[in-house]
Structures are given as C-alpha cells and as structure tokens.
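Notes for the structure review
Chain by chain, the residues run as shown.
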Amino acid sequence: MKICRRRMLQLTGSLPFWPAVVPALASQTPPKDTQTVVVKLFGAGLGSLDSYGTGVLVSAEGHVLTVASHLVSTGFLTAVTADGRRFTAETVATEPSMDAALLKLKTEPADQFPCIDLKTAVEPAVGTPVLAWSNMFRVAAGNEPVSVVHGVIAASVSLDAVQGKWKFPLKSHVWLIDAITNNSGAAGGLLTDSDGQPVGLIGREIRHATSGTWVNYAVPLKTLQPAVEAMLKGQRLTPAAPTTVAEPLLSARDLTGRFGLTLIPAVLERTPAWIDSVVPGTAAAQAGFRRGDLIVLVGDAVITSESDARRRLAEYRAGQKAAITVSRDEQLLELSLLVPAATTTGR
Amino acid sequence: MYQSSIVLLMYLSALSLVAAEDLKQSEQQRIEVIRRISPAVVCVMDAAGAGGGSGVLISADGYAISNFHVTSGSASFLKCGLNDGRVYDAVLVGIDPTGDVSLIRLLGRSDFPFATAGNSDNVRAGDQCLALGNPFLLASDFSPTVTWGIVSGTRRYQYPSGTFLEYTDCIQIDASINPGNSGGPLFDIQGRWIGINGRASFEKRGRVNSGAAYAISVNQVLHFVDHLKCGLIVDHGRLDFTVESDEQFNVVVQQVSELSEAYRRGLRSGAVLESFAGRRLTSANDFQNVVGIYPEGTRLPLVWRDRTGQHTATVRLGPLHAFQKTPELPQERRPEGHPENDSQQPEQPSPELLKLFTAREGFCNYYFNDAATQQLLTPMLQRLADVTPDMAWKITVSSADEATALQGEIAVTRNTVGLRLNDQSWLQNTETPKLQDEPPTFPGFLLAVNHLHRLLRKDKPAFDELTAAGRTVHQPSGRALRILLARTGARSTRWYFSDDQPLPVALDLEPEAATDEIRLIFDDWKMWSGLLFPERLGIVDPTTEQVSWLRITAASAQQEQNK
C-alpha cells in the first residue's frame, strides 16, 4: 500500500491531472438504471429562461425532485419519464433556501416508478469521478436516454453566485464540478458517482458573483434529504434546521502538548496546515516533522486546512501509526507518526 | 507551490482505489493509441494557408473527410497540414451539404497515414472517446489537439435550425469541442474512427465548448463516401409520407402521397411503421434518424402493420434538396478564420493541381466524376470490342421455371423492341416517351431492353449523359454495387456494376413518373453470335421482391438496315 501510493504520487506529479482519473471511470460504463430515475420536464419559458428542465424521481408514487426554478413557479409542467410516458406534474412544495422543489406526477393509483432512495445518497470525497445526467439542451426527446457527462468533484464550497443581476439565494453547501454540467435544461438533473450512487441535484446556470465565470455545481442530496422528507410530509423545513454533526476536533493545545506539533493558527477560514514549530523530543520530532512543512495528507484523506488536520488526527487512537504526507522543499514526504497516549496533565 | 500541491492532491483521493499498475498500463495504452491515430488527422486550411478546421485521412491515396461547413469557406483548392509538419496541396472532391460532410484529396504521397473506421452502431453512452483536431488553430506544427471525454448519448437528432445542415443519428460527446475542431475525427478509446465532430450546443456561453458536442456517425459517412468520390453534390433522401409518434411509442403514418411508391405498396394513413432499413422504430425521431443517414436514391426495406397484418416492401429515397450548385451557408455557420478581406493572397495552383478540378453545373468537381465514369465505361467498352457494330438483336428466351413454360423471342432494333411470349406479343416504339404496348405483368420491360441496347453500343452508350454515382446496396441482391446513372431527357436508368466484372449486373428504370420501376438482373454474361448478352435475365417483382428468371437459349446480332 505504501509503495503503491508513492508510485502514484510520482506518476501524477509529472503529468496533467486528468489522465489519472480516466481508469477510475474506464472500468465502468454508466449504470443503465440511472437513466430510469431521471425525468425530462417541459413547461413555460421566455427568452433566456428555458422551457425545459430535469427532475429526479424520489418516490415510487411519482414524486420528482427538481430545482425551484421559473418552470416550477409558472406551473403547467409536463414530465416525460425515461420510458417516454408523459405526465402532468403538480408542485407539492418548494424549499427556497435549498433551491429545491418537489413535484408529484399525476398518475394512475397503480403506477409505480423506479426512484432513488435519498437515504442511500453518498457524500464522495473531493476528487471523486462523477456522472451528470440531465435533459440539457433538450437533446433527448420522448423515450430517448438523457445526456450523461463525466467530471470530477472539484471542491465543496458555499456559493457566492448571481443569476442575472440578482444574488443567488442558495444557502446550502454545494459541490463544484470540473465539467460543464449546468447547461440549459440541466437544472434538477442527477449527479451520481461512477457506480450510479446518487450524489447531488444539478443546479442552475449561474455565475460567480465576483469573477463572472459560470459555476457548475450540485446540491448534495444528503443535505436535501431532510427538506425532501419534510416536503413529502407537507411540512416546511424550519429555517434553522441545517444540522451540522459536531465532529471531534483535536484542540490546538492538545496537538502541541501531546504530539509536539504546533500549526499556524487559523487566521483565515481555510488556513493551510503549515507546521509552525515542533517540540524537541516529542512524537512529532521523532517522526521527522520540521517547521514549514505543509501537511497535505493524513492517511488517504486530503488536508485542505488547519482544522481539517486536527479533525483527521482526532480519528487516531493512542498507539496507532498515522501516515502523514507533507510537502517540503517542493517534494512530498511521507512521515510515520506514532500517536501518543492522551496526557493526564494536559487539562 | 503549496497551493498547486493542494490541488494536485485533491485528485489523489480518487485514485487511491486504483492500482498503480493498471493506471500506468491504461495510460500507456492511451498514449500509444493517440500516437497511432494522430498522423491521420488533417489541419484543413484555405488556399492561402489561412483559417481552417480539421479533417481525417481515410485512405493511403490521400482521401480525407471534413465538414462541409469547413471547406465551404474555401474555393476548390486547399492546403492541408499533417503532424509530420508538412503542408500538402489538396482539392475538393465531393460535398454532402445536408450531412455537413465534404471529401477532399491530399496530393503528393501515395502512402498517406489513414484512420481505420469502427462501427458507430456499436457505440454506447458512457464509452470513452478521443476527439482530435485543430481547435482555435493552436498547432502551428499541425500536431492535433487531443481532448478526451465520454459518449453522452447516441442516435441524437439535431434540427437544421435555419440552415440545411441536419445532424441525424449523431453521437453526442462531452469531450471539448471548440471552433476549429469541426471536421476532425472522433475515435473510440481503441483508436477506431467512429465519427466527424461538427456541431455543438452553443447558447449563453459563446461559441466555445459547452460539454455537448455532436459527431456525424462514421456509418453515415461511409454510406456517402463512394458518392463523394464521384465528385458529386450528394443529396439526402426523403419519403413521400409523414409520420408522428403516438403515446404508445408507435410511429403512425399520417399522410401518404398517392404518387409515391409507398402508396403503391399499400401504405396508408394510420399504419404503424415497425422498422426501416432494418432498424426498429419507436418514435418519429427514430424514423428521421434512419432516413437521414442514407443518400438520395437508396432503396431500403420498410416494414409496417395495419388492420390486414404486417407488410414488407422496399422503397427508394427521393431527393431532399436536389442542389444544383453548392448552397450558401448563413454567416454564423461559416468556419472561423476565413476573413473576407484576408490580406494573404493564395498562391497560384500548380498545373498538376489545376488538372484535378473541372467546374461543371450540378457537380462539386466534375474531374472526379469523369474519372469515375470512365472507370466504369472503359472496361465495358473493351469487353464490347468483338460485338457486331450497330446491331439488331434477336434473342430466344424461355422461362427458367418449368411450370410456367413460357417460350418466346425478343427482337430489338434502334427504335423498337418487340416481345413475343407463347402466343402473345407486344411492340414498343422507344422513340416516344410514353409506354404504348408493354406486357402487363412487367410494364416497362421493353423500354428497359431498349436501354440495355443503348448501353451496349460498340462505340459508346447512347444516352444524353452518363454519371458515376457512388455505391449502394442493391435490392434484392443485398450486394454493395457501383452505380452508373444514364440520363436520356428527364429519365434516368440506374445501372449497377460489381467490382469483379465489366458488364452491369442490374438495372432499375422508372418508365414513367409515378409508376413502379422495372428492375432487371443480368446473370452470366456470355458472348453469343456477335452479341454480348446474359444467359439469365431476372425481373424483380415490386411487391414481393421475388425474381422471375428468363433463360436465354439463343441470341444473335446482325447489322441493322439503315433507314
């Protein structure tokens, strides 16, 4: 494992990024079933507002999740399922803070639909290859399969974006995708990993508030799940609801006291995990850490900030060895840190 | 540096599951494939060496495919760059404006590298693909730009949208396609040529990659390539009936022209189309997709069902646009980098190059048509060297099927054809365009024999115009045969030639407008006394597609009395 990872570091160090992702996708063709849970939506549009969009079936009775766009607010929606059947769709509820809307297909009581189970939605790591399924540009008509586009989750961020001249109101955290997924009609489409596991709801065509660049993003389905459940029950989600699970975090004091490692304090929201000092004679010193090292990996997890490093290190128990990769003098080094026992004198 | 390390490492978490050896191997394979396919990729420029798009070589003698909208900005002579860094002269050979395809020929080598075609019907959504070409005219040394992606959808239909460029049955990809990629090849990950990148969905973001581009399928291109080699302005086809999809995914026939072949075969409004050209249909788009991949004039099998059951027939595609000259593209569809006031003056084409172009109304480049036509006619005329000149024919026939027990005689002069079968006889004057006296079971048979008489003249065939017109799958034989169109007045005979012998193997002739074609098959050509004539003559029944055979027992030719 150790050798294997080293080789890959060397390999990707000398090459552009994208070829590295290819084999991960190459072993799989897109899961066929995913096509059956994506519906094409048609409604009212005007000018740059498209008259078509995409939705995802989230219940066997025909509930469809999509974005809370003009298509939903103007009504008169027709949904075309993957097998080409056409249904009138009615809006059940909207959740503006997450830019989500729930529709219900007008069906015969016996109709059953393939659907995604939001509970099975996965939260893949940044860097995971993904597939985006949508009715973009209305390329597929009737029973024709929707378009599928490949990409990689590039970042997990909160959006600072505009739609036209208006500030885009989405409050939730989103994934940015390194491919052009948010095209005309793609909003409300499905983002999956390469196994077809549901990941996110493709967002609208919006631009970054400062740079003006088009943003390709998707709202995590895991984040949407409580809102969808509330909407299915006919309730509104309470505005204060976004529940953040408190993850154990190693305190800065613990890090210095126990490990002998001090990181540059978090002066910014995402201060990189730079080592400020190493206490001589501690586990950190034995492992070979030096002032100025940048922690880039703990185990296999990518470290993007100082707090990230403390969160990952908290997962190790005393006596375990943590493989930590640092960047030093433009080179990557893997150091092995023996996690010391909790100090009794610390606090 | 730290920042870039972070970005780099973000990708690594995705990789941790992939064995490094697999990664290395697949990467090495991809590099190998790109190395292998790149030499066949062409940078297509105008005669001044400016502007341009992309193309792909398809044979060692320099034939290359590009987009019509790429070459339409240039005159008939072009400059082409290959990744050996050299610039080659090229000439425009044939165009398919509707399908947005053009054929050019590069000169100066007999060992051009070329791409090997795959089967685009086997392409599936999710397949990896490689697009090679010349986006933004980046490569000054003509080494193509490579973009990688997946197939986003197959069998896509893209409307003409204000022009005549119609993309049917095309391959949708998410590999980056930008201005300058047009005309360049799409390959599968094994390096098989599967399409020609020509179009993308551009909307709010300007004319750059939007993640939705479309490639003309290689199977469509191959249906047209022999037509293009004949220097033609190749047309697409249409059928004289309309269809609509219904809620049950039936393709329902709406209106059928009463003058159409389909009507004569019994197709009526309300019938449900089951398949066309062997492809099952579930929507009007499906139907449009199949019609769009064949050249005008192709005869294809149609299966439909109505109250009386299932029916099968073959129908011929009629002309869609019938362009007489190269059509004009609207400004926004013209290739990038062809400024009207380009200061660069094209150099004068060399005499060798000039020889390869002949302008003629109705053709893209008549030089290539003439060459292809002579290729069909010369061996035939050589074969006719020993026949009696200016001949009158007398042929004794009997039915090959013993049960029908027909006995008779065909007598042919320059202006008349007579047929006697048992105690019935017919006489057709072939100078008038009207059918007068033809056997009711095979109307047009006498006229067709007259056309055979015109073709087999010792000096040269007696038609107003002879035009090589590509290659098609002949019905009902199923053989891919070369076509020679022989026009007299407004009427054309379609002669079919195989590659292995100089005399035609079949003939299709529409004796009068809106009537069934007479379709003959010639089997086992033989030198009789002074006359070349087949030993067996087949007549195709238009309804059943069954062939009735006449056996020739004697044939002779003699000098015709001058009037």
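The structure presented is a predicted model; accordingly, all values stated were derived computationally and were not measured. (Residues numbered from 1 in each chain as written. Chains lettered and ligands numbered in written order. Predicted model: local features only at pLDDT ≥ 70, side-chain atom pairs only at ≥ 80, totals over all residues. Heavy atoms only, no water.)

**So, the overall build of chain B**
Threshold: In this description a helix means any DSSP run of H or I spanning at least four residues, a strand means any run of E spanning at least two, and both kinds are numbered starting from the N terminus. The buried label applies to any residue whose accessible area, calculated with a 1.4 Å probe on protein chains only, is under 20% of its type's maximum; exposed applies above 50%, and partly exposed to all values in between. In this analysis, two residues are considered to be in contact whenever any of their non-hydrogen atoms come within 4.5 Å of each other. Here the accessible surface of atoms and residues is derived via Shrake-Rupley with a 1.4 Å probe, and residues count as covered only by protein chains that are part of the display.
Of regular secondary structure, chain B possesses nine helices and 31 strands. Burial status across chain B gives 56% buried among its 563 residues. Of the contacts made within chain B by residues no fewer than 6 positions apart, 60% connect residues no fewer than 24 positions apart. Within the structure as shown, chain B displays about 23,400 Å² of accessible surface, and the carbon and sulfur contribution to it stands at 49%.

**Some points on the overall build of chain A**
Helix and strand content of chain A: eight helices and 22 strands. Residue burial in chain A is summarised as follows: out of 347 residues, 52% are buried. When contacts within chain A are restricted to residue pairs at least 6 apart in sequence, long-range pairs at least 24 apart make up 61% of them. In the structure as shown, chain A presents an accessible area of about 15,900 Å², 55% of it carried by carbon and sulfur atoms.

**So, the state of the cysteines**
The condition is simple: Criterion for a disulfide: a pair of cysteine sulfur atoms at a distance within 2.5 Å.
All told, the structure shown has zero disulfides over all chains when counted by the stated rule. The thiol of C43 of chain B is not disulfide-bonded; the next cysteine sulfur, from C80 of chain B, is found 7.8 Å away.

**Description of the nonpolar core**
Generally speaking, soluble globular proteins have nonpolar side chains that are buried together. Rules: Residue types Ala, Val, Leu, Ile, Met, Phe, Trp, Tyr and Cys, when buried and joined through side-chain atoms within 4.5 Å, form a set referred to as a nonpolar core.
In this structure, I65, L106, W193, W393, F445, L456 and W495 of chain B are the most contacted members of the largest nonpolar core, which totals 130 residues. Take this core: its biggest share by element is seven residues, from helix α9 (residues 445-455) of chain B. Discounting residues that sit within four places of it in the chain, L456 of chain B has contacts with M380, L384, M391, W393, L503, W525 and L532 of chain B. Listed in part, the 35 residues of the second largest apolar core include V38, A121, V148 and A227 of chain A.

**Some thoughts on helix α8 (residues 306-313) of chain A**
Of all the residues in α8 of chain A, the buried ones are E306, D308, A309, R310 and L313 of chain A. Among the structural elements, α6 (252-259), β17 (261-263), β19 (294-298), β20 (301-302), β21 (321-328) and β22 (331-338) of chain A are those in contact with the buried residues of α8 of chain A.

**Observations concerning the layout of surface pockets**
Which parts of space are left empty comes out when a probe the size of a water molecule is rolled across the atoms. Residues and elements named next belong to chain B. Keep this limit in mind: Grid spacing is 1 Å over the protein atoms alone, the probe is 1.4 Å, and a cavity is where that probe fits but cannot get out, while a pocket is an open set with protein on both sides within 12 Å along at least five of seven lines and lining residues have an atom within 4 Å of a point. Grid points are joined across faces, edges and corners, and a volume is the space filled by probe spheres set on the points. Amino acid classes used here: Ala, Val, Leu, Ile, Met, Phe, Trp, Tyr, Cys and Pro are nonpolar; Asp, Glu, Lys and Arg are charged; the rest, including Gly, are polar.
Here the second largest pocket is characterised by a volume of approximately 1,500 Å³. What lines the second largest pocket is a set of 50 residues, and nearest its centre among them are E296, P319, L485, S492 and R494. Listing elements by their share of the lining of the second largest pocket, those giving two or more residues are α5 (261-264), β19 (309-316), β20 (318-319), β25 (465-473), β26 (480-488), β27 (491-497) and β28 (506-509). Broken down by class, the residue content of the lining of the second largest pocket amounts to 20 nonpolar, 14 polar and 16 charged.

**Comments concerning helix α5 (residues 221-232) of chain A**
Residues and elements named next belong to chain A. Of all the positions in α5, only L221, L224, Q225, A227, V228, A230 and M231 are classed as buried. Contacts made by the buried residues of α5 are with β3 (63-67), β5 (86-95), β6 (100-105), β12 (190-193), β13 (198-202) and β16 (217-220). A positive phi of about 80 degrees marks G234, the residue just after α5.

**A short note on a nonpolar patch on the surface**
All names here are of chain B. Convention followed: A patch is a set of surface residues, each over 30% in relative accessible area and not in a salt bridge, joined within 9 Å for like charges and within 5 Å for the nonpolar side chains Val, Leu, Ile, Met, Phe, Trp and Tyr. For this analysis, a salt bridge means a side-chain nitrogen from Lys or Arg found within 4 Å of a carboxyl oxygen belonging to Asp or Glu.
A cluster of nonpolar residues, F136, L138 and V208, forms a patch on the protein surface that exposes about 280 Å² of accessible area. Residue placement: L138 occurs in the loop between β7 (128-133) and β8 (145-158). A relative accessible area of 56% means that L138 is categorised as exposed.

**Quick look at the pattern of salt bridges**
Tallied over the full model, the rule gives 34 salt bridges over all chains. Linking R258 of chain A and D254 of chain A is a salt bridge whose minimum nitrogen-to-oxygen distance equals 3.9 Å. Of this pair, R258 of chain A and D254 of chain A both sit in helix α6, four residues apart, which is roughly one turn of that helix. Exposure remark for D254 of chain A: the relative accessible area of 19% places this residue in the buried category. A salt bridge links R305 of chain B to E274 of chain B; the nearest nitrogen and oxygen atoms lie 2.6 Å apart. Residue R305 of chain B is found in strand β18 (residues 299-306), and its partner E274 of chain B is found in strand β16 (residues 272-276); the two are separated by 31 residues along the sequence. Relative accessible area serves as the criterion here: at 36%, R305 of chain B is assigned to the partly exposed category. Connected through shared salt-bridge partners, E261, R299, R316, D508 and E517 of chain B make up one network.

**Some details on the confidence of the model for chain A**
Residues and elements named next belong to chain A. Our working rule: pLDDT runs from 0 to 100 and stands for how confident the predictor is about each residue.
Looking at chain A as a whole, the pLDDT averages 82, with 85% of positions reaching at least 70. Across residues 1-28, where pLDDT falls below 50, the model places 62 contacts with residues more than four positions away in sequence or in other chains. Low pLDDT, under 50, characterises residues 238-245; the stretch is placed with zero contacts to residues that sit more than four places away or in other chains.

**Details of the sheet that holds strand β14 (residues 206-208) of chain A**
So the rule is basically this: Strand pairing follows a simple DSSP-based rule, namely that at least 2 bridges must link the two strands.
The strand order across the open sheet built from four strands is β10-β9-β14-β15 (chain A), with neighbouring strands paired in antiparallel fashion. Lying at the two open borders of the sheet, with one neighbouring strand each, are β10 (166-167) and β15 (214-215) of chain A.

**A few points about empty space enclosed by the protein**
Residue and element names in this part refer to chain B. Scanning all chains against the criterion turns up nine cavities of 30 Å³ or more. Within this model, the second largest cavity holds a volume of roughly 60 Å³. Along its surface, the second largest cavity is lined by V41, V42, C43, S54, G81, G133, N134, A139, F142, S143 and P144. Of all the elements, strand β1 (residues 41-46) adds the most residues to the lining of the second largest cavity, at three residues. Each residue belonging to the lining of the second largest cavity can be placed in one class, and the counts come to six nonpolar, five polar and no charged.

**A closer look at the sheet that holds β16 of chain A**
Residue and element names in this part refer to chain A. Using the following cut-off: Here an axis means a line fitted to C-alpha atoms, over the contact stretch when the element is a helix, while the angle between two N-to-C directions is reported on a 0 to 180 degree scale.
On the basis of which strands lie adjacent, the closed barrel formed by six strands has the order β7-β8-β11-β16-β13-β12 and antiparallel pairing. Within the sheet, the average angular offset between the axes of one strand and its neighbour, ignoring direction, is 45 degrees. One ladder, built from six bridges, connects strand β7 (residues 129-134) with strand β8 (residues 147-158); its direction is antiparallel. When the sheet's bridge partners are listed, L131 is paired in β8 with H150. Strands in contact with α5 are β12, β13 and β16; relative to β16, the strand with the most contacts, it is inclined by about 55 degrees.

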